[in-house]
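# Inside the fold
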Amino acid sequence: MIKTKFFQNGGQFVGFESKGHANYANADEDDIVCAYHSGSCALAVNILTDVFMQDALVETENGYLKFVLNNKMPSREVSGVLKGLYLQLEQLSQGYPSNVKVTVTEV
């Protein structure tokens with residue numbers, strides 16, 4: 001299961017941490033749930049770091065991604081990208097509840 005925890009500061013999204021594997025497909029097959037999740041996360045991170053030029057902590061390993069903005073009071077637009085990712089992954093978790101779990105925590 002992929003578990004993704006979003007971080008909020010004062011109601012504004014400031015980052016997320018995702019770990020695990022969807023395990024939707026067999027080991028020798030392409031996993032569309034994992035690909036959807038990974039692609040969504042990569043797009044959000046790229047938009048925030050390369051388009052909005054946000055300074056952030058980014059950690060990656062196999063099955064792990066952590067992204068946290070260094071600015072804990074981001075603009076509405078920057079936080080909105082993370083909220084969009086949250087909504088995207090929450091929708092995915094509703095379709096695949098055995099494979100994806102999404103939570104939100106205040107930091």
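Placed above this text is the structure.
Heads up: these notes are all about the structure in this document. (Residues numbered from 1 in each chain as written. Predicted model: local features only at pLDDT ≥ 70, side-chain atom pairs only at ≥ 80, totals over all residues. Heavy atoms only, no water.)

## A word on the side chain of Gln 54
Inspection of the secondary structure assignment puts Gln 54 in the loop between helix H1 (32–51) and strand S3 (56–61). Of note is the side chain of Gln 54, whose polar atom sits 3.1 Å from the backbone oxygen of Phe 52. (Helix = DSSP H or I, 4+ residues; strand = E, 2+ residues; numbered from the N terminus. Polar contact = N/O pair within 3.5 Å; in protein donor to acceptor, adjacent residues only side chain to side chain.)

## A closer look at a positive patch on the surface
On the surface, Lys 3, Lys 5, Lys 19 and Lys 101 cluster together to form a positively charged patch. Within the secondary structure layout, Lys 3 lies in strand S1 (residues 2–9). (Patch = residues over 30% accessible without salt bridge, like charges linked within 9 Å, V, L, I, M, F, W, Y side chains within 5 Å. Areas by Shrake-Rupley, 256 points an atom, 1.4 Å probe, with all protein chains shown as cover. Salt bridge = Lys/Arg side-chain N within 4 Å of Asp/Glu carboxyl O. Lys, Arg positive; Asp, Glu negative; His and termini not counted. Charge placed at Lys NZ, Arg CZ, Asp CG, Glu CD.)

## With respect to the packing of aromatic side chains
Counted by the stated rule, this structure contains six aromatic pairs. Ring centres 5.7 Å apart and planes at 35° place the aromatic pair Phe 6 and Phe 16 in the tilted group. Of the two residues, Phe 6 is situated in strand S1 and Phe 16 in strand S2 (residues 12–19); the sequence distance between them amounts to 10 residues. Each member of the pair, Phe 6 as well as Phe 16, carries the same accessibility label: buried. A centroid spacing of 5.5 Å and a plane angle of 85° characterise the contact between Phe 6 and Tyr 86, whose relative ring orientation is edge-to-face. Pair noted here: Phe 6 is in strand S1 and Tyr 86 is in helix H2 (residues 76–95), with a separation of 80 residues, a long-range link. You can call Phe 6 buried: its relative accessible area is 0%. One aromatic cluster is present, built from ring pairs that chain together Phe 6, Phe 13, Phe 16, Phe 67 and Tyr 86. (Phe/Tyr/Trp six-rings, centres within 6.5 Å; stacked < 30°, edge-to-face > 60°. Buried < 20%, exposed > 50% of the residue type's maximum accessible area, 1.4 Å probe, protein only.)

## Examining the sheet that holds strand S5 (residues 100–106)
Spatial ordering of the open sheet is given by S3-S4-S2-S1-S5, a layout of five strands whose pairing is mixed. Edge positions in the open sheet fall to S3 and S5, since each of these has one partner strand only. Within this sheet the neighbouring strands show an average axis-to-axis angle of 15°, counted without direction. Where S1 lies against S5, seven bridges are found, and the strand directions are parallel. Along S5, the bridge assignment pairs Lys 5 with Thr 103. Here H1 sits on the sheet and contacts S1, S2, strand S4 (64–69) and S5; the angle it forms with S4, its principal contact strand, is near 30°. Across the sheet, H2 lies against S1, S2, S4 and S5, angled at about 40° from S2, the strand it touches most. (Pairing = 2+ DSSP bridges. Axes fitted to C-alpha atoms, helices over the stretch in contact; angles between N-to-C directions. Contact = heavy atoms within 4.5 Å.)

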